[in-house]
Amino acid sequence: MTDDRLLEAARNNAEWCDAVCRSHGSPGTFSALSWTNPSATPPYYPDAITLSPDATWTDLRDGVEGKESASVKDSFAAIRPPGWDLLFEAEWIHRPAPANEAIATAATGDVVDWAVVRDPGTLRDWERACFPGQDNDLFRPSLLREVTVLAGRIGGDIVCGSALNASGGVVGVSNVFASGCDLDAAWSGTVALAAELFPGRPLVGYETDPAPASRHGFTPIGPLRVWLKA
């Protein structure tokens, strides 16, 4: 029997991907077994996602057929697309609902000042901190109406951050980064703000290296794979 936490995590992540795609004017389509997007998806975002271990390659075709390059997120590590390359493997993670979490200081002793990103200019600064040296215009202003973007600052500069999206009974955690402080400070602030903004909700997400998240109460609950057609 499939762990319900896995199903919730996969669905929540697909909701996040769809929100990002909608902000670019290219929403996907949900079925019982998969999410697919026949349009071009933004950089780093898949063209199809499995939502059930019962999904087959046929359930993903609407998102990949006719595309020279595409990617598929196999949420249950159960599909091997014919002729595709494995891009990376990761672990779904889950944390029971946090409560009254203290925000840790950075390893340097600096206090990280956390806030919700609410305007396009700060969102652009956040993205540049998340992806140093890149300017992909990945996160569009309309996304702020659907998800919660968190920025941590030291001395006015964004040094860490993350994104939260609520769906069903859980909150997805993604894009946790630290570009001017230690990663533990980023995870600590993210968990504390999630407890404040979404009380009583468990947290889910995925990480290629779940160790930092595990230090903040998350448990690996199952593997996923992302496949690339190049």
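It should be noted that the structure appears before, not after, this text.
Now for a description of the structure that goes with this document. (Residues numbered from 1 in each chain as written. Predicted model: local features only at pLDDT ≥ 70, side-chain atom pairs only at ≥ 80, totals over all residues. Heavy atoms only, no water.)

Description of the overall build of the protein chain
The secondary structure content of the protein chain amounts to five helices and eleven strands. Scaling as 2.2 N^0.38, a compact globule of 230 residues should have a C-alpha radius of gyration of about 17 Å, and the protein chain matches this with 17 Å. Each of the 230 residues in the protein chain was classed as buried or not, and the buried ones make up 51%. Accessible surface, the protein chain as shown: approximately 10,300 Å² in total, 48% of it carbon and sulfur. Here the protein chain carries 18 positive and 30 negative side-chain charges, and the mean point of each set is 3 Å from the other. (Helix = DSSP H or I, 4+ residues; strand = E, 2+ residues; numbered from the N terminus. Rg over C-alpha atoms; globule rule 2.2 N^0.38 Å. Buried < 20%, exposed > 50% of the residue type's maximum accessible area, 1.4 Å probe, protein only. Areas by Shrake-Rupley, 256 points an atom, 1.4 Å probe, with all protein chains shown as cover. Lys, Arg positive; Asp, Glu negative; His and termini not counted. Charge placed at Lys NZ, Arg CZ, Asp CG, Glu CD.)

Considerations on the packing of aromatic side chains
Across all of its chains, the model carries nine aromatic pairs by this definition. Relative to Tyr-206, the ring of Trp-92 lies with its centre 5.5 Å away and its plane at 80 degrees, an arrangement referred to as edge-to-face. Of this pair, Trp-92 sits in strand β5 (residues 85-95) while Tyr-206 sits in strand β10 (residues 203-207); the two residues are 114 residues apart in sequence, bridging distant segments of the chain. For Tyr-206, a relative accessible area of 22% puts it in the partly exposed group. Centre to centre, the rings of Trp-126 and Phe-139 are 5.4 Å apart; their planes meet at 75 degrees, and the pair counts as edge-to-face. You can see Trp-126 sitting in helix α3 (residues 120-130) and its partner Phe-139 sitting in the loop between α3 and β7 (148-154), a full 13 residues away along the chain. For the pair formed by Trp-126 and Phe-139, the shared burial category is buried. Taken together, the aromatic side chains of Trp-16, Tyr-44, Trp-126, Phe-131, Phe-139 and Phe-177 make up a single cluster linked through ring pairs. (Phe/Tyr/Trp six-rings, centres within 6.5 Å; stacked < 30°, edge-to-face > 60°.)

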